Amino acid sequence: MNHFDLIIRGGTVATASDTFRADVGIRGGTITALGTQLGDADRIIDASGKLVLPGGIDAHCHLDQPRAKGLASGGALMADDFHSGSLSAVFGGTTTIIPFAVQHRGQSVVAAVEDYHRRANGKAYVDYGFHLIVSDPTPQVLQEELPALIADGYASVKVYMTYEAMRLSDRQILDVLDVNQRAGALTMIHAENYECIAWLTERLEAEGKTAPRFHEDSRPMVVEREATHRAITLSEVAEANLLIVHVSGKDAIEEIRRARTRGVKIFAETCPQYLFLSTRDLALPDFLGAKCMCSPPPRDPVNQAHVWQGVEDGLFDIFSSDHAPYRFDDSGKLMYGPKISFSKVANGIPGLETRAPLLFSEGVMTGRLDLNRFVALNSTNAAKLYGLHPQKGTIAVGADADIAIWDPERQVTITNAMLHHNVDYTPYEGRVLTGWPVTVLSRGQVICHEGELVGQAGHGRFLKRFRPAKGAKTWT
Ligand code: DUC
Ligand code: ZN
Ligand code: ZN
């Protein structure tokens with residue numbers, strides 16, 4: 001009989017394809033057996049009545065990015081670093097995070113990555129990788145830095161079509177797409193039309209329309225539709241795979257469906273804010289709408305319904321938080337004053353801890369999603385697309401024992417006080433959810449159990465990621 005470090009006994013295991021009763025045997029941080037009567041172990045966790053799921057992967061979150069003007073943040077201070085961000089992730093059942101190492105103009109991407117390693121090193125509770133963000137694709141970056149970094153385990157690169165200090169021209173985007181495709185990275189794109197946003201913002205401000213609710217008017221769906229269409233066109237011209245991040249509504253979804261119908265391999269991500277927040281939240285009185293300001297903005301209920309449809313029918317591959325943590329004070333959202341124009345408010349909302357529970361409660365418990373599709377969206381698809389599978393994203397012999405044990409019946413009322421981030425609010429305050437991850441393991445180590453932290457900061461390791469093997473739901 002085998003002896004294990006840990007056995008999770010009596011639970012229902014679900015992967016992206018199957019649901020079955022099995023005990024999970026773990027040794028040396030790895031799943032080494034699935035079955036019944038596995039033998040004995042140093043520790044047994046009783047999971048009867050619970051779901052044993054792969055830990056979540058939040059493949060789009062921003063942590064401890066340096067302050068700079070002309071970004072989504074407008075120069076505000078991020079409230080979460082790798083310590084508080086990863087702590088918050090793990091209490092929401094997420095065991096891998098992929099934030100961004102941002103190249104600022106004039107800076108080398110290598111220097112940005114080195115700086116970001118310094119920020120992460122020794123702080124994280126769970127494993128992490130970095131996407132690169134390229135804002136200055138010089139010949140040196142395109143010909144030397146990107147190919148070398150991609151070969152060294154940074155298999156995804158984000159580019160922006162908006163934000164003064166980040167946006168690339170179409171030609172620059174083509175260059176980055178081309179280099180990424182050849183070198184083995186997936187390009188991610190923020191698709192909003194910069195000129196339209198600037199023009200609309202100027203007009204709204206001239207008319208005195210500066211409250212947070214006008215944020216949506218300054219970047220309406222049509223602005224995202226045009227950029228989504230153009231981004232897809234650029235990927236076709238460059239013959240490169242592309243993932244459209246934070247898709248917010250109907251028109252962008254239609255562009256993605258149309259592209260796929262003509263055979264273009266486009267991947268798509270959405271986020272909780274496009275399912276659970278709306279323009280009504282932006283219109284909250286007393287400037288509270290600023291708490292829900294992100295870009296693209298939350299849309300109206302019709303768009304929300306289209307995003308839900310895309311989540312249900314498989315249009316979306318990835319479900320991420322886009323956690324961008326700014327406090328509702330003068331360090332963050334209100335950096336330029338208490339009642340300033342929407343255009344000066346830092347874009348972004350917190351969501352690392354609430355991402356998976358929101359989708360579980362409103363997706364699985366309402367019958368919109370089966371458990372396997374939830375696992376795919378929460379974890380497996382991101383592992384496959386971003387070069388982490390089968391080490392991450394599944395429960396299988398040989399995989400890392402990154403596991404979230406969910407109590408599907410636990411009722412939780414979200415309050416900011418219960419969350420572990422360093423932001424002073426949550427946009428989901430008061431929402432009642434059914435289902436919550438009660439025990440979470442990273443590489444076989446219990447990190448949190450029944451609301452108690454038992455893991456150590458610094459347990460999380462950097463993950464090198466490489467172009468995934470050919471196959472469904474991956475790119476080549
Ligand atoms: N939009 C972004 O593009 N990045 C971070 C947050 C946001 O709202
Ligand atoms: Zn973005
Ligand atoms: Zn983002």
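Computed from a prediction, not measured in an experiment: that's the story for all the values here.

1. Some thoughts on the domain arrangement of the protein chain
Right, on to step 1. In terms of domain boundaries, the protein chain breaks down into domain 1 (3-54 + 393-453) and domain 2 (56-364).
Right, on to step 2. Listed by partner, the interface residues are 36 residues for domain 1 and 40 residues for domain 2.
Right, on to step 3. Of the roughly 3100 Å² buried between domain 1 and domain 2 on both sides combined, carbon and sulfur atoms contribute 65%.
Right, on to step 4. Three residues stand out in domain 1 for area buried against domain 2, namely His420, Tyr425 and Tyr428, and they jointly supply 23% of the buried area on that side.
Right, on to step 5. For the interface between domain 1 and domain 2, the tally reads 1 salt bridge.
Right, on to step 6. We note a salt bridge from arginine 443 to aspartate 127, for which the minimum N-O separation is 2.7 Å.
Right, on to step 7. Linking domain 1 to domain 2 there are 11 residue pairs in polar contact (both at pLDDT 80 or more).

2. Description of the environment of lysine 69
Right, on to step 1. Note that lysine 69 resides in the loop between strand E8 (56-58) and helix H1 (82-91).
Right, on to step 2. For lysine 69 and serine 442, which are 373 residues apart along the polypeptide, the C-alpha to C-alpha distance reads 36 Å.
Right, on to step 3. Excluding residues that lie within four positions of it along the chain, lysine 69 makes contacts with Gly74, Gly75, Ala165 and Tyr336.

3. Quick word on the pattern of salt bridges
Right, on to step 1. Under the definition given, this model contains 26 salt bridges.
Right, on to step 2. The closest approach of N and O atoms between glutamate 226 and arginine 230, which form a salt bridge, is 2.8 Å. Of this pair, glutamate 226 and arginine 230 both sit in helix H7 (residues 221-238), separated by 4 residues, roughly a single helical turn.
Right, on to step 3. Measuring nitrogen to oxygen at the nearest pair gives 2.9 Å for the salt bridge that ties arginine 257 to aspartate 313. Here the residue arginine 257 occupies a position in helix H8 (residues 250-261), and aspartate 313 occupies one in helix H11 (residues 301-313), the gap between them amounting to 56 residues.
Right, on to step 4. Judged by relative accessible area, arginine 257 falls into the partly exposed class, the value being 32%.
Right, on to step 5. For aspartate 313, a relative accessible area of 39% gives the class partly exposed.
Right, on to step 6. Here the salt bridges share partners, and the residues they tie into one network are Asp127, Lys392, Asp400, Asp402 and Arg443.

4. Digging into the site of ligand 1
Right, on to step 1. Looking at ligand 1, the residues that line it are His62, Ala72, Tyr160, Tyr163, His190, His246, Cys294, Ser295, Asp322, Ala324, Asn347 and Gly348.
Right, on to step 2. At a separation of 2.8 Å, an oxygen atom of ligand 1 approaches a polar backbone atom of serine 295.
Right, on to step 3. The contact in question runs from an oxygen atom of ligand 1 to an N or O atom on the backbone of glycine 348, over 3.5 Å.
Right, on to step 4. Across the complex, the protein chains shield 98% of the 240 Å² of accessible surface that ligand 1 would expose by itself.
Right, on to step 5. Most atoms of ligand 1, that is more than half of them, are within 2 Å of grid points of the largest cavity.
Right, on to step 6. The residue inventory of the shell around ligand 1, partitioned by class, reads 5 nonpolar, 6 polar and 1 charged.

5. Thoughts on the coordination of the zinc ion (ligand 2)
Right, on to step 1. Bound to the zinc ion (ligand 2) on the protein side are Lys158 (NZ), His190 (ND1) and His246 (NE2), at distances that span 2.1 to 2.3 Å.
Right, on to step 2. One can describe the donor arrangement at the zinc ion (ligand 2) as irregular, given that its 4 donor atoms subtend angles of 75 to 127° at the metal.
Right, on to step 3. Along the chain, the residues that donate to the zinc ion (ligand 2) are spaced as K-x31-H-x55-H.
Right, on to step 4. Here the zinc ion (ligand 3) and the zinc ion (ligand 2) are spaced 3.7 Å from one another. Taken together, the positions of histidine 190 in strand E14 (residues 186-190) and histidine 246 in the loop between strand E15 (242-244) and H8 put the pair 56 residues apart, joining distant regions of the chain.

6. Concerning the sheet that holds strand E1 (residues 2-9)
Right, on to step 1. In spatial order, the strands read E5-E4-E1-E6; together these 4 strands make up an open sheet with mixed pairing. Unpaired on one side and paired on the other, strand E5 (30-35) and strand E6 (39-46) mark the two borders of the sheet. Looking at each pair of strands side by side, their axes are set apart by 30° on average, direction ignored.
Right, on to step 2. As judged from the 3 bridges shared by E1 and strand E4 (residues 23-27), these two strands associate in the antiparallel manner. Bridge pairing links isoleucine 8 to valine 24 in E4.

7. Here's the deal with the layout of surface pockets
Any empty space left between atoms is shown by rolling a water-sized probe over those atoms.
Right, on to step 1. Size it by volume and the largest pocket reaches roughly 490 Å³.
Right, on to step 2. Of all elements in the fold, only helix H5 (194-206) and helix H6 (214-218) reach the threshold of two or more residues within the lining of the largest pocket.
Right, on to step 3. The element best represented in the lining of the largest pocket is H5, accounting for 4 residues.
Right, on to step 4. Here the lining of the largest pocket is composed, by residue class, of 10 nonpolar, 9 polar and 3 charged.

Rules behind the numbers
- Residues numbered from 1 in each chain as written.
- Chains lettered and ligands numbered in written order.
- Predicted model: local features only at pLDDT ≥ 70, side-chain atom pairs only at ≥ 80, totals over all residues.
- Heavy atoms only, no water.
- Domains from an automatic or database assignment.
- Contact = heavy atoms within 4.5 Å.
- Buried area = accessible area lost by both parts, 1.4 Å probe.
- Salt bridge = Lys/Arg side-chain N within 4 Å of Asp/Glu carboxyl O.
- Polar contact = N/O pair within 3.5 Å; in protein donor to acceptor, adjacent residues only side chain to side chain.
- Helix = DSSP H or I, 4+ residues; strand = E, 2+ residues; numbered from the N terminus.
- Buried < 20%, exposed > 50% of the residue type's maximum accessible area, 1.4 Å probe, protein only.
- Near = heavy atom within 4 Å.
- Areas by Shrake-Rupley, 256 points an atom, 1.4 Å probe, with all protein chains shown as cover.
- 1 Å grid on protein atoms, 1.4 Å probe; cavity = no way out; pocket = protein on both sides within 12 Å on 5 of 7 lines; lining within 4 Å.
- Sits in = over half its atoms within 2 Å of the grid points.
- Nonpolar A, V, L, I, M, F, W, Y, C, P; charged D, E, K, R; others polar.
- Donors = N, O, S within 2.8 Å, 3.2 Å for Na, K, Ca; no water.
- Tetrahedral: all angles 85-135°; square planar, octahedral: opposite > 155°, others 65-115°.
- Pairing = 2+ DSSP bridges.
- Axes fitted to C-alpha atoms, helices over the stretch in contact; angles between N-to-C directions.
- Points joined across faces, edges and corners; volume = space filled by probe spheres on them.

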